[in-house]
Every structure is written in C-alpha cells, then in structure tokens.
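An overview of the molecular structure
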Amino acid sequence: MLDLFSIFSKGGIVLWCFQSTSDIFSPSVNSLIRNVILQERSGNNSYNHNALTLQYKLDNEFELVFVVAYQKILQLSYVDKFLNDIHLEFRDKYKNDLQGGHYITDFDFKTTFENVLRQCEQWAKSQAKIPKQMRTFEDSLKSKKTVASMIERKGDEKNKKSVKIVENKSIANGKVEEPVDTDDDLIAANRAKLAQKLATKGKKDVKKSPKSPTNANKVVDRTKKPRVWELGGDSRDLPSLDFSTDKEGDVEVAADTQLIGQMTGAIRDLEVESEESSSEEEVEQGKPSPKKSGGMFSIFKGLVGSKALTEETMRPVLDKMRDHLIGKNVAADIANKLCDSVSTKLDGKVLGTFDSVAKTVKATLTESLMQILSPKRRVDILRDCLHAKQQGRPYVMSFCGVNGVGKSTNLAKICFWLIENDLSVLIAACDTFRAGAVEQLRTHTRRLDALHPPQAHGGRRMVHLYEKGYGKDAAGIAAEAIRFAADSKIDIVLIDTAGRMQDNEPLMRALAKLIKVNEPDLVLFVGEALVGNEAVDQLVKFNQALADHSSSSNPHVIDGIVLTKFDTIDDKVGAAISMTYITGQPIVFVGTGQTYTDLKALNANAVVHALMK
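A brief report on the enclosed structure follows. Here the structure is a predicted model, which is why all the values come from computation and not from measurement.

Summing up its helical and strand segments, the protein has 21 helices and 15 strands in all. Here the protein, with 613 residues, has 40% of them falling under the buried criterion.

Below is the structure:
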C-alpha cells in the first residue's frame, strides 16, 4: 500500500499528489531532494528516511520527479513497474502542456493513477504465483567472458599453480584403492638431476694459491670474537639512547627564517597546473592533425545526433567512464554510483549533433564531481578559533586515522599555520602507544618555538606540549590538556591520537571514549591520497565505530578530512572523490610535502580537471 505519490518539477512546483494517510511527508521528500537529487547521488532510485522508503524516477526531458513513499517494513515488488507505467501515462496524457511549460494546470489524473496502481498490484500477485525459473545463459557469469579472457598465452602456464584433487575409490571388499601416481617420469628425472649434481660436486678440484712466505710463518688465530655493535642497547649505552628529556646540545635549533610569514591568512589553494596545458590542447585541436582523436569521450563519435539518449545508448561510454575513474584511484563502488548518477541525469535528454553529446556528458560528469567536492557547510577554522577565544575557552581539534598516514606531521603543519596567524597552540601528546611519538612532537615543538620565539610575540610563548609519557589513558590526558589550556589562556588545543586500524574494536572504542569525554570542536580524519577502495572501508568503519561506541543519541562523528601525501600521486586524485562521497564532509587540508609550508586547501577545479584528463 502506497502512503504517498507525488509528481513535481525540479523547480519545486507540485503537479499532482496522492496521499492515503494523514501523516506529514514533507521532511522525507525534502530530505530526498537535499541529500540525493541535489547532491548528484541519483544512481540508486531508492532512499530511506526514518520509517519510510522513497522510490523516485526522473524525467529529464520535462524536468519532472515522480516520487512514491511507503513503509520500510513492506516489500512491494511492483513499485518499479508502477513508476515506469505512471511516468509514461502522465507524459502521454499531458505532453502538450508539459512542452509548453504550463505547469499551473488542473491535472485530472486520479482515474488513471488508480487504474495503473490496480494493474501493477495484480501483476505483482500473478508474478508471485509463478515458480522461480532457471537462470538463462545470458544471466550467468559465463556469458560475460570475453574472447580476450579465453586466450591462453604461452607464459601463463608457468605462473599458474595446478592443484589436483584425487578421490579415493572404495572397492567391494571394503579396502580403499590408493591413487595411482602418474608422475613417475618426473620423479625419475629429478633423481637423475640429483645424482648428477652429487657426482659433479665430488669431482670438483679446488685450486688454492700457494701461501706466501710471509703468511706461512704467521700463526692465524681462528678464535671467533663477538662483534661489538655501536649503541647496541647495553647498560653503558643508556645515557646516549635516552631521548625522553632534552639535552643541553639539543635545546638550540637553527630556525629557517625563509618559512616565516608564508602561511599568514587563509590556506592557499592547490595550484591548477593543468589550465595552461588544457588551453594548449585547445589550440592544438584547432590545427589539422593526422592522428585520430582519442581519450575518454572519443567513443561518442559513434552516436547519432537528434535522438534521445537512453541507457542502452550510453552503456558503452559509461563502462569506459567507470574504467577511467577506477584508473584514477576512485573506489570501484563510488565509480559505479557516479556512472549510474550520470546515466539517470541524462536519460531522455534530446541533443543535437554528436559533438554536443560529448560536451554534454563531460559537462554532466564534471558538474557531478564538482557537486560532490563542494562542501555542504563552510569550515572556517580561523573564524571559529576567534569565536571560541571571545567565549574564553580553547578551540579543540582532534586528529584520528590509521597507522602511518602522517597525523603528527600534518598536525605540526596546521600548528605552524595557526601560529603564523598569531594564535597560541597547545599540542596534547595522546599517542601513548607508539614508541617515539612523544619525542616526535617534542622535536616539532622545539622547531616551531625556534621559528616563532616568545621575543617576537611580546614574550608570549606560542606553542606548548602537554605530555604524560606512555601507557596512560589518552582520554584523561586530553581532558587535562584542555583544562591546562583554559587556565593558561591558550587559544587552540591540537590532540594527537594513536594510529589504529578500522577493524580493531578496543582501540576504536578508546577513540570514541576520547571524543565523547572531551567533545572537541572539530574531528579530522587523516587519510592518504594513495588509497583506493581502502578509503571507503576506513571512513565507513571509523564513522560507524564512533557512532556505535558513543552513548549519546547524537554522536560526534568525523567533521572533516585531511588528505596527506598528495604530492606522490600525480593525477590519480580519486581518493578525494571517494572520501568526500562516503562521508559528505569536506576536505579541509591537503598535505603536499615535508615542510611546514606544504599545506594547501582543496581546489575542486584542479581535482576534477585531473580526473577528466
């Protein structure tokens, strides 16, 4: 039973509506529009909101949306057929009005709606009575094999490991027939090789050079002496290996004065290096070239213009597009959803020549990618820090992520940026597990203090380190650090946490505890730009763990992303798309190197251009 059926334009005009209950469905429909249609996530035609399931169909020719809502617990098999049939009926009946843009009209559609709904319900009952049929050959995986996958190459047999499954045959008298060994020739050949090897080894004549008279008179001491390693960890090496306290020679650090003043103000965007190359390509395209045009969208040359685009027409280029995105390090699941979204958005579009088809599809994909990378909300850390300072409290940022992604390094870069903007920072060393984590932060603190000494800020020390050693409770250390910052009038607290895998439940529970107890203003997930499908798994499980292990009804999950090692991926920037698509949260910082100034803000144009190359 349907609770709601509505037809409305993409401009927001409701053409016709049916409602079987007195419930209010506006929040669910608004959520569908806000989170699916406007966010370019229209690949899957089903959306769940509270206890409702909403299914929809887009008409791109007349810019219409058909929406059906019913209870999530119901399993209605006829909804897809109903949406297709009602879509065709409405188009055929009011085609002239829709072409003329007459949306403010009395659409008498109740009788047609009831007839189509009744027919679909009867069809669903008849389909339920039909026994399940055997799968056809076209539906099997074997039919998907191509000729290239069936070709056996000469070198493939050596790389393949053959596994033989030998069954024991039982004889009538109860004895088990032993398997007959068919590799007698191979065993005999191996024995012959071994015998030949042993024979040649015995016949070897080792020629030794005659000893010189000086060496003959010397007595060689054959006693083996133990090697003495430098800083081998003995008790006498402990003073030189102890880095837990500052030494007199390590206190003074030479400051690189060239870095000072480069990070004042907002973070600079990533430089778009491809704009000049794209303009050069356009110039080159204007010149006659004997070479054939290639690339991702060259397959559109086979499409015929003046026809409406359908899913079958777009299927070859969508498959090519999917492979292209996966090659750019976009997660496979995200690439499939992007292609489905583009297909849904272009289905039914009537275009002119094949050139406009290529431009339209490229513009549609670019628009979808730009929509994904554009943040839903503005993240202005400097403004939020000044607002917290006016309230008399420190602004707290927490960093989390898996092992080895660069949390401590990028925390130091962000700390340098904040100090450059005349904000004092307290670094809380809450990574009490990894050996050397506290010493690493102490080194960063010493270097940052050398770049911005108290003398340059009116005697105010700009960077502090709060540490309690190893093996302590990270949540307790963070709480003490926040209290210390509030008492000392420090502007910002940066909490460094231990790296943990997303499947480690005890460590994920400890991270959720740290965030629940201290309630930071911003929780940043630090991820590598090198990962592909792993980015989806990490973010989904981190978000899920923070939600599951929090006792609050409104848990604090990831607020933003720090994308590191961006300088190592060339144009394979798909991790940015994958991470933003999964969480819907913005990429706040991008790490592009090893120095304190190698911190940028994400430039959506640069990322999209690199993806479309």
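Glancing now at the pattern of salt bridges. Here the idea is simple: oppositely charged side chains can pair when their charged atoms come close. Following the criterion strictly, the structure yields 21 salt bridges and no others. For Asp431, the salt bridge goes to Arg434, with nearest N and O atoms at 3.5 Å. For Arg434, a relative accessible area of 35% corresponds to the partly exposed category. The residue Glu505 makes a salt bridge to Arg509 at a minimum N-O spacing of 2.7 Å. Of the two residues, Glu505 and Arg509 both sit in helix α18 (residues 505-518), four residues apart, roughly one turn of that helix. By sharing partners, the salt bridges in this structure join Lys389, Asp422, Arg460 and Asp491 into a single network.

Glancing now at helix α12 (residues 332-346). Here α12 spans 21 Å end to end across 15 residues, near enough to the 21 Å set by a 1.5 Å rise per residue. Along α12, the residues that are buried comprise Ile334, Ala335, Leu338, Cys339, Ser341, Val342, Ser343, Lys345 and Leu346. Two residues or fewer past α12, Gly348 is found with a positive phi of approximately 95°.

This paragraph deals with the nonpolar core. Ranked by internal contacts, the top residues of the largest apolar core, which has 111 residues, are Ile381, Met397, Trp417, Leu418, Leu494, Phe566 and Phe589. The element that contributes the greatest number of residues to this core is helix α15 (residues 407-420), accounting for eight residues. Residue contacts for Leu494: discarding those within four places in its chain leaves Met397, Phe399, Leu411, Cys415, Leu418, Val425, Leu426, Ile427 and Ala428. In terms of nonpolar packing, the next biggest core, distinct from the first, is built from 27 residues, Ile7, Leu15, Tyr103 and Val116 among them.

Moving on to the packing of α18 against helix α19 (residues 533-548). The N-to-C vectors of α18 and α19 enclose an angle of 60°; their axes lie 9 Å apart at closest approach. The angle between the axes of α18 and α19 places the two elements in the oblique class. The two elements α18 and α19 cross, and the hand of that crossing is right-handed. Contact residues: α18 offers Met508, Leu511, Ala512 and Ile515, while α19 offers Lys541, Phe542, Ala545 and Leu546.

Here the focus is the packing of helix α17 (residues 474-488) against α18. The geometry of α17 relative to α18 is characterised by a closest axis approach of 8 Å and an angle of 25° between their N-to-C directions. As summarised for this structure, α17 and α18 are arranged roughly parallel, according to the angle between their axes. Our pair here, α17 against α18, has a crossing hand that is right-handed. Seen from α17, the contacting residues are Ala474, Ala475, Ala478, Ala479 and Ile482; seen from α18, they are Lys513, Leu514 and Asn518. In terms of residue class, the contact of α17 with α18 is made up of six nonpolar, one polar and one charged.

So, on to the sheet that holds strand β11 (residues 492-496). Paired through their backbone hydrogen bonds, the strands of a sheet run either parallel or antiparallel. Strand order in this open sheet of eight strands is β10-β9-β11-β8-β12-β13-β14-β15, and the pairing throughout is mixed. The open sheet has two edge strands with one neighbour each: β10 (463-466) and β15 (599-600). Pairing analysis gives four bridges linking strand β8 (residues 395-400) to strand β12 (residues 522-528), with the strands arranged parallel. The residue bridging Met397 from the neighbouring strand is Leu522, located in β12. Against the sheet, helix α16 (residues 437-451) engages β9 (425-429), β10 and β11, with an angle of about 165° to β10.

For strand β4 (residues 52-59), the tally of buried residues reaches seven of eight residues, placing the bulk of the element in the interior. Of the strand pairs in this sheet, strand β3 (residues 46-49) and β4 are connected by four bridges, and their pairing is antiparallel. Along β4, the bridge assignment pairs Ser46 with Gln55. What sits between β3 and β4 in their antiparallel hairpin is a turn of two residues, with Asn50 showing a positive phi close to 55°. Bridge analysis of β4 against strand β5 (residues 64-71) gives eight bridges, and the strand direction is antiparallel. Across the sheet, Leu58 pairs through a bridge with Val65, a residue of β5. Here β4 folds back onto β5 in antiparallel fashion, the turn holding four residues, of which Glu63 has a positive phi close to 60°.

Parameters at a glance
- Residues numbered from 1 in each chain as written.
- Predicted model: local features only at pLDDT ≥ 70, side-chain atom pairs only at ≥ 80, totals over all residues.
- Heavy atoms only, no water.
- Helix = DSSP H or I, 4+ residues; strand = E, 2+ residues; numbered from the N terminus.
- Buried < 20%, exposed > 50% of the residue type's maximum accessible area, 1.4 Å probe, protein only.
- Salt bridge = Lys/Arg side-chain N within 4 Å of Asp/Glu carboxyl O.
- Expected span 1.5 Å × (residues − 1).
- Core = buried A, V, L, I, M, F, W, Y, C linked by side-chain atoms within 4.5 Å.
- Contact = heavy atoms within 4.5 Å.
- Axes fitted to C-alpha atoms, helices over the stretch in contact; angles between N-to-C directions.
- Parallel < 35°, antiparallel > 145°, perpendicular 65-115°, else oblique.
- Left-handed = near helix turned anticlockwise from the far one by under 90°.
- Nonpolar A, V, L, I, M, F, W, Y, C, P; charged D, E, K, R; others polar.
- Pairing = 2+ DSSP bridges.

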